[in-house]
Amino acid sequence: MSSEASGPVEVSIRDKLKTLLQPSELVVTNDSWQHRHHAAMRASGGGSGETHFSVNIVSDAFKGKSTIQRHRMIHAALSDEFAQGLHALSLKTKTPEESQKAESI
């Protein structure tokens, strides 16, 4: 979570993913400032300031699912946000076991 107040898109992402996936870990980072110079962002006056996010999430709901299936779950949950101007998500999706294995390396 950033030191600045979370905007409505970030809050919505966090709330929807918590409800859907009941994660043991969830970090949502607003990366929009890194993309404000892109032509599409300039054309829309910089957008809402909430267009690009990174999401790191650990959930049992991902067990038995491929990376693409996990990403599709998240994209489907956030379809309203994409329709309202969310442009990009960088996703890191893990099960608790995958997360523990990565930490032990």
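The following paragraphs examine the structure supplied in this document. (Residues numbered from 1 in each chain as written. Predicted model: local features only at pLDDT ≥ 70, side-chain atom pairs only at ≥ 80, totals over all residues. Heavy atoms only, no water.)

Looking at the overall build of the protein
So, point 1. Check the secondary structure of the protein and you find five helices and three strands.
So, point 2. Start at the N end of the protein and walk to the C end: the helices and strands fall as α-β-α-β-α-α-β-α.
So, point 3. In the protein, 65% of the contacts between residues at least 6 apart in sequence involve partners at least 24 apart.
So, point 4. Accessible surface, the protein as shown: approximately 6500 Å² in total, 52% of it carbon and sulfur. (Helix = DSSP H or I, 4+ residues; strand = E, 2+ residues; numbered from the N terminus. Contact = heavy atoms within 4.5 Å. Areas by Shrake-Rupley, 256 points an atom, 1.4 Å probe, with all protein chains shown as cover.)

Comments concerning unusual backbone geometry
So, point 1. Located in the positive-phi region is Gln22, a residue other than glycine, with phi close to 40°.
So, point 2. Residue position: Gln22 is located in the loop between helix H1 (8–21) and strand S1 (25–30).

Observations regarding the side chain of Ser54
So, point 1. As for its placement among the helices and strands, Ser54 is situated in strand S2 (residues 52–58).
So, point 2. Within the structure, the side chain of Ser54 is placed 2.3 Å from the side chain of Asp31, a separation counted as a polar contact.
So, point 3. Among all residues touching Ser54, those that are not within four sequence positions of it are Val27, Val28, Thr29, Asp31 and Ser90. (Polar contact = N/O pair within 3.5 Å; in protein donor to acceptor, adjacent residues only side chain to side chain.)

Focus on the packing of H1 against helix H3 (residues 67–77)
So, point 1. At a minimum axis distance of 10 Å, the contact between H1 and H3 shows a crossing angle of 125°. Between H1 and H3, the crossing angle belongs to the class labelled oblique. Our pair here, H1 against H3, has a crossing hand that is right-handed. Residues Lys16, Leu17, Leu20 and Leu21 of H1 touch H3, and the partners they reach there are Met73, Ile74 and Ala77.
So, point 2. When the residues that make up the contact of H1 with H3 are grouped by side-chain class, the tally is six nonpolar, no polar and one charged. (Axes fitted to C-alpha atoms, helices over the stretch in contact; angles between N-to-C directions. Parallel < 35°, antiparallel > 145°, perpendicular 65-115°, else oblique. Left-handed = near helix turned anticlockwise from the far one by under 90°. Nonpolar A, V, L, I, M, F, W, Y, C, P; charged D, E, K, R; others polar.)

Some words on the pairing of S2
So, point 1. For S2, the tally of buried residues reaches six of seven residues, placing the bulk of the element in the interior.
So, point 2. Where S1 and S2 come together, six bridges link them in antiparallel fashion. When the sheet's bridge partners are listed, Leu26 is paired in S2 with Ile57.
So, point 3. Across seven bridges, S2 lies against strand S3 (residues 88–94) in parallel orientation. By the bridge assignment, Val58 is partnered in S3 with Lys94. (Buried < 20%, exposed > 50% of the residue type's maximum accessible area, 1.4 Å probe, protein only. Pairing = 2+ DSSP bridges.)

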